[in-house]
Amino acid sequence: GESVGLHLPTLSVQEGDNSIINCAYSNSASDYFIWYKQESGKGPQFIIDIRSNMDKRQGQRVTVLLNKTVKHLSLQIAATQPGDSAVYFCAENTEFSGGYNKLIFGAGTRLAVHP
Amino acid sequence: DAMVIQNPRYQVTQFGKPVTLSCSQTLNHNVMYWYQQKSSQAPKLLFHYYDKDFNNEADTPDNFQSRRPNTSFCFLDIRSPGLGDAAMYLCATSTAEAETQYFGPGTRLLVL
């Protein structure tokens, strides 16, 4: 079936370094992608999104890159801070046969920031 | 601030004892979702409402039901909780099914 997966389950970085979290998706028809951050005991928090007509989008300290040729999505966090420690999920919004869209989540990557 | 609110944040119930989780939103979004999330896993969609239209996922057990009495509120009813139903339950909303979903803080359910 269609799925969204991640290459690295855990990523450890030093404070101040840049972080890159990767995600592969399999549904070439998906046209909208979202990154969520989930801290322990909390709900997922929207970080940034990108539509399939773009290949890059920047936010505050975060950048999302979309490579449709290889169906790959990445989240770059600049100058990683301890507060960035969390699990990061990519999600693709795709249309299903029932005539509605829904989010398919990747497995998640835990980002651990060390001082 | 506009937001998604879930109550209670923690719920303890006994095996087989019905339980209801609550979600409310001030975003005036058309769509409300319920997800189940187990430890170290991605959220799993149980069902969603587009306005009053209910869409159940094919693999959602009959033990899970939902009600949406109005735009602002949506409830998750677990008729006979089993030990395997212990999880975080997340409510989310969006303006439309193809748009960004905004999540509440979740309710952690413990089944004894």
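Computed from a prediction, not measured in an experiment: that's the story for all the values here.

Trainee: Outline the overall build of chain A, listing residues and values.
Mentor: Counting its regular elements, chain A contains 0 helices and 11 strands. Counted from the first residue to the last, chain A has its helices and strands arranged as β-β-β-β-β-β-β-β-β-β-β. A total of 115 residues make up chain A; the buried ones form 45% of that total. Partitioning the intrachain contacts of chain A with sequence separation of at least 6 by distance along the chain shows that 52% fall at a separation of at least 24. With an accessible surface of roughly 5600 Å², chain A has 46% of that area assigned to carbon and sulfur atoms.

Trainee: I'd like to hear about the sheet that holds strand β3 (residues 19-25) of chain B, residue by residue, with values.
Mentor: Residues and elements named next belong to chain B. Spatially, 4 strands are ordered β1-β3-β8-β7 in an open sheet, and the strand pairing comes out antiparallel. Either end of the sheet is taken by a strand with one partner, and the two such strands are β1 (4-7) and β7 (64-67). Looking at each pair of strands side by side, their axes are set apart by 20 degrees on average, direction ignored. In this sheet, strand β8 (residues 73-78) lies alongside β7 in antiparallel orientation, the contact comprising 4 bridges. Residue pairing across strands places S66 opposite L76, the latter belonging to β8.

Trainee: Explain the environment of A:K56 to me, using residue names and the numbers behind them.
Mentor: All names here are of chain A. Considering the arrangement of structural elements, one finds K56 in strand β6 (residues 56-58). With 10 residues separating them in the primary sequence, K56 and L66 have C-alpha atoms 6.2 Å apart. Ignoring sequence-local partners within four residues, the contact set of K56 consists of I50, T63, V64 and L65.

Trainee: Residues and numbers for the pairing of strand β5 (residues 45-51) of chain A, please.
Mentor: All names here are of chain A. Across 6 bridges, strand β4 (residues 32-38) lies against β5 in antiparallel orientation. If you follow I34 over to β5, its bridge partner there is D49. If you look at the hairpin formed by β4 and β5, you'll find 6 residues sitting between the two strands, and G41 has a positive phi there, around 80 degrees.

Calculation criteria
- Residues numbered from 1 in each chain as written.
- Chains lettered and ligands numbered in written order.
- Predicted model: local features only at pLDDT ≥ 70, side-chain atom pairs only at ≥ 80, totals over all residues.
- Heavy atoms only, no water.
- Helix = DSSP H or I, 4+ residues; strand = E, 2+ residues; numbered from the N terminus.
- Buried < 20%, exposed > 50% of the residue type's maximum accessible area, 1.4 Å probe, protein only.
- Contact = heavy atoms within 4.5 Å.
- Areas by Shrake-Rupley, 256 points an atom, 1.4 Å probe, with all protein chains shown as cover.
- Pairing = 2+ DSSP bridges.
- Axes fitted to C-alpha atoms, helices over the stretch in contact; angles between N-to-C directions.

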